Amino acid sequence: MLLRLRVLQVGDVHLPSAMKSGRNIDQKDAAFSVELRNLISSLPIKVVFRQIYKILEEGDVGGIVFMGDLTDAGDLEGYDRTCQFIANSLQLGEGRRHAAIPVGVVPGNHDINRPLALEPGITTKFDPLNAALKRASLPPLPVEQSLTLPIVSGSAKVSINLMNSCWGCGAREYIPEDFREGIGRAIEETLEKGGEKALKTYYDRQFDTPAFSEPSITHLVQSGRMTDASTLLVVAAHHNLLPQRQPRIAQYTELVNSGAIRGSLGELDRPVVYLHGHIHVDPVETITAPKASPLICISAPAAEDGFNVLDFVFTRSGMPLSCQITPWRFDASGILHPAERVAVSLLGKRRRSHDATLNKIYSYMLEKRELYWNELINVAPPIFTTDVEEQTREAIELLIADESVLVENYDSSPSAWIIRANI
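Right, let's walk through the structure included here. (Residues numbered from 1 in each chain as written. Predicted model: local features only at pLDDT ≥ 70, side-chain atom pairs only at ≥ 80, totals over all residues. Heavy atoms only, no water.)

## Regarding the pairing of strand β5 (residues 156-162)
Thinking step 1. Among the 7 residues that make up β5, 6 are buried, leaving the element largely enclosed by the rest of the structure.
Thinking step 2. Where strand β4 (residues 147-153) and β5 come together, 7 bridges link them in antiparallel fashion. Directly across from P150, in β5, lies its bridge partner S159.
Thinking step 3. The hairpin turn running from β4 into β5, its antiparallel successor, is 2 residues long, and G154 in that turn takes a positive phi close to 65 degrees. (Buried < 20%, exposed > 50% of the residue type's maximum accessible area, 1.4 Å probe, protein only. Helix = DSSP H or I, 4+ residues; strand = E, 2+ residues; numbered from the N terminus. Pairing = 2+ DSSP bridges.)

## What to know about the nonpolar core
Thinking step 1. The biggest cluster of nonpolar side chains holds 38 residues, and the ones touching the most others in it are F49, I52, I64 and F66.
Thinking step 2. Counting residues per element, the ones that place at least two in this core are β1 (3-10), α2 (44-58), β2 (63-66), α3 (76-90), β3 (103-105), α5 (127-135) and β10 (306-314).
Thinking step 3. Looking at which element gives the most residues to this core, the answer is α2, with 7 residues.
Thinking step 4. The next biggest cluster of nonpolar side chains, apart from the first, holds 26 residues, and it includes L5, A156, I160 and L232. (Core = buried A, V, L, I, M, F, W, Y, C linked by side-chain atoms within 4.5 Å.)

## Overview of the packing of aromatic side chains
Thinking step 1. A complete count under the given rule lists 5 aromatic pairs for this structure.
Thinking step 2. Look at F49 and F85: their rings are 4.9 Å apart centre to centre, the planes differ by 45 degrees, and that puts the pair in the tilted class. Of this pair, F49 sits in helix α2 while F85 sits in helix α3, and the two are 36 residues apart along the sequence. Taken as a pair, F49 and F85 share a single burial class, namely buried.
Thinking step 3. Relative to W167, the ring of F126 has its centre 5.7 Å away and its plane inclined at 80 degrees; by these criteria the two rings are edge-to-face. (Phe/Tyr/Trp six-rings, centres within 6.5 Å; stacked < 30°, edge-to-face > 60°.)

As structure tokens, then:
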């Protein structure tokens, strides 16, 4: 059967605020029993983490990636609480139940302690969170170079490159020199005397310059060129490569050199999946350019709103075929459940619709419009002489990736599939 690798993508956790907001209840009576209120409602962040844990318990998870903004305001004391919450609630990290599952964490702009960022040394501001991750037996953040998280299952291979997009966040040395002193003093005074409201405003409307370092982009491109073509290249970072759909009125909150990395990844001549958080909404966008392979950008929502299950599908020979994205979201009643799956092709320049065998199957699908799997299998023997079910399954997956057919009951075994031609 076709090979699969599953990765869970978790967006901005934002503790401790996520532990205080979003109860699925409209409480007008302040004197109402707290115990009964807690019994009939729940914190969304805890519901999300319980569901993630359940999926981890079910097995077949190749890795889990956290998209940054673990904290709200770079709270030095809060780093430990956040890291321990992630490690213990999901049983991740050395010595815990799911220690064997690879974990990736990237830094977010809210993870940067602003007073610490004003001190000399461009890597200093990342040290406390890295220390907290180590105390929780979780892997470190990427700082000066990208870190590689390899996930392998037989001949199916994914290489997740964890990158640091927060170099300019909170750093005084990146403020233009002509007004660095004045702006720097104003920031220091706000941090020292402004109180909690001013601090929150500063984090929400930061005078930041998020960016990837040039060495990290070079390292990524060189790694991509040297990586075997059958390995799917995935990049994970906090900030988005494309501007968000909703207008954002805030200075310097977008990546300064997003165009540089978009261009560099497009020139790799291979499909690349880019995972990010930051914007708290969850578009799936494909960037294409003439003669370039696609760059698929997948955003995770804030963790209190849900998470993404990413199933990377490979051909039997191990070539990347498609990415099946299952968003877990809350409905209007406050119930967390899987929403409609999104399928994205990873074929790039290897598109297969012109293949004679696929043309036969697709032509038959166009004629019938809708078929059960068993009906298709009865037709397939004249097309395939050996391994009929396996070859038919791969053909249908190729047609799904090429957006030529749709499959109902895809999560079930193929015997339950209803296959429809997508005209």
